[in-house]
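Breakdown of the fold
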Amino acid sequence: MLAVLWLGVWAAWLWRQAAAATGQPQERLSLPERLWSYVNHTWTVGNFPFSVATLTLGLLAIVFAVVVSRYLRRFLERRMATHKHLDPGVQFTILRLVHYFIMTVGAVVALRIAVQADFTSLAVAFTALSIGIGFGLQFIAGDIASGFIILFERPVRVGDFVT
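Throughout this document, residue positions are counted from 1 along each chain, in the order its sequence is written. Only residues with pLDDT of at least 70 get local features here, since the model is predicted, and only at 80 or more are side-chain atom pairs given and counted; chain-wide, interface and lining totals rely on the full set of residues. By convention in this description, side-chain values take in all heavy atoms of the structure and omit both hydrogens and water.

1. Considering the overall build of the protein
Where we set the bar: To qualify as a helix, a DSSP run of H or I must reach at least 4 residues; to qualify as a strand, a run of E must reach at least 2; elements of each kind are numbered from the N terminus. Buried residues are those whose accessible area, probed at 1.4 Å on protein chains only, stays under 20% of the maximum for their type, while exposed residues exceed 50% and partly exposed ones sit between those limits. We call two residues in contact whenever any of their non-hydrogen atoms come within 4.5 Å of each other. Accessible surface area values rest on a Shrake-Rupley calculation with a 1.4 Å probe, where residue burial reflects the displayed protein chains alone.
Check the secondary structure of the protein and you find six helices and two strands. If you list the helices and strands of the protein from N to C, you get α-α-β-β-α-α-α-α. A total of 163 residues make up the protein; the buried ones form 18% of that total. A fraction of 46% describes how many contacts in the protein between residues 6 or more apart in sequence connect residues 24 or more apart. When the accessible surface of the protein is totalled, it reaches about 12,300 Å², and 71% of it is carbon and sulfur.

2. Describing the packing of helix H3 (residues 52-81) against helix H4 (residues 88-115)
Rules: A fitted line through C-alpha atoms serves as each axis, taken over the contacting stretch for helices, and the angle formed by two N-to-C directions is quoted from 0 to 180°. Throughout this description, any angle smaller than 35 degrees is read as roughly parallel, any larger than 145 degrees as roughly antiparallel, any in the 65 to 115 degree range as roughly perpendicular, and the remainder as oblique. Crossing handedness is read from the near helix: turned anticlockwise from the far helix by less than a right angle, it gives a left-handed crossing, and turned clockwise, a right-handed one. Amino acids are sorted into nonpolar (Ala, Val, Leu, Ile, Met, Phe, Trp, Tyr, Cys and Pro), charged (Asp, Glu, Lys and Arg) and polar (every other residue, Gly among them).
In the contact formed by H3 and H4, the axes pass within 8 Å of each other and the chain directions differ by 165 degrees. By the angle between their directions, the pair H3 and H4 is classed as roughly antiparallel. Of the two possible hands of crossing, H3 and H4 adopt the one that is right-handed. Taken together, the residues of the contact of H3 with H4 sort by class into 21 nonpolar, six polar and three charged.

3. Brief notes about the environment of Met103
For Met103, the position within the fold is in helix H4. Overall, Met103 belongs to the partly exposed group, its relative accessible area being 22%. Taking the C-alpha atoms as reference points, Met103 and Val66, 37 residues apart in sequence, are found 6.8 Å from one another. Dropping the residues within four chain positions of it, Met103 is found in contact with Ala65, Val66 and Ser69.

4. Some points on the side chain of Thr93
Locating Thr93 in the fold gives a position in helix H4. Excluding its chain neighbours within four sequence positions, the residues that come into contact with Thr93 are Leu151 and Phe152.

5. Some remarks on a nonpolar patch on the surface
Put simply, the rule is: Only residues whose relative accessible area exceeds 30% and that form no salt bridge enter a patch; like-charged residues are grouped when within 9 Å of one another, and nonpolar side chains (Val, Leu, Ile, Met, Phe, Trp, Tyr) when within 5 Å. By definition, a salt bridge exists where a carboxyl oxygen of Asp or Glu is found within 4 Å of a side-chain nitrogen of Lys or Arg.
Together, Leu97, Tyr100, Leu137, Ile140, Ile144, Phe148 and Phe152 make up a nonpolar patch on the protein surface, roughly 640 Å² of accessible area in all. Those elements that provide at least two residues to the nonpolar patch are H4 and helix H6 (138-153). Ranked by residue count, the leading element in the nonpolar patch is H6, at four residues. Secondary-structure assignment places Leu137 in the loop between helix H5 (122-136) and H6.

6. Remarks on H4
In plain terms, the rule: Given a helix with a known number of residues, its expected span is that number minus one, times 1.5 Å.
Between the first and last C-alpha of H4 there are 40 Å, a value that for 28 residues agrees with the 40 Å anticipated at 1.5 Å per step. Contacts made by the buried residues of H4 are with strand E2 (48-50), H3 and H6. A positive backbone phi angle near 45 degrees is found at Gln116, which sits one or two residues after H4.

7. Details of H6
In this model H6 runs 22 Å from its N-terminal to its C-terminal C-alpha over 16 residues, within 8% of the 22 Å that 1.5 Å per residue would give. Just beyond H6, the residue with positive phi is Arg154, at close to 55 degrees.

Written out as structure tokens, the structure reads:
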């Protein structure tokens with residue numbers, strides 16, 4: 001019941017915002033025109049312009065990346081299952097790297113669509129962040145690097161018990 005009340009209040013607010021975004025009185029716009037103008041109204045936070053439409057498209061890009069990652073991993077897993085000579089650790093490593101790659105590309109595309117993020121300026125931020133990681137978070141960065149070493153060199157195999 002509370003959700004229905006909240007939805008009604010939100011719809012009334014949406015109605016007023018759509019009319020205000022076009023600069024026309026409410027009675028001159030039809031409902032689809034009001035909704036369309038509200039969905040495409042652009043807000044700016046800092047240097048990042050966004051609208052409800054671009055945020056929705058960015059969310060859809062993330063969902064698409066998750067779905068593609070899931071189906072591609074299943075496809076690769078079925079293909080690798082036919083090759084009995086492949087070590088399970090190699091299979092796991094390949095599947096993880098495919099997942100990480102697809103999700104990273106999906107996140108970058110989603111940010112580009114949603115808030116028109118310019119990634120050339122982020123290069124400087126990532127450089128500063130890497131220096132900060134080097135000094136402040138060196139133990140965590142070492143653990144992450146150790147995890148990748150274990151993934152690639154496979155001193156521990158899938159099914160082994162570590163004490």
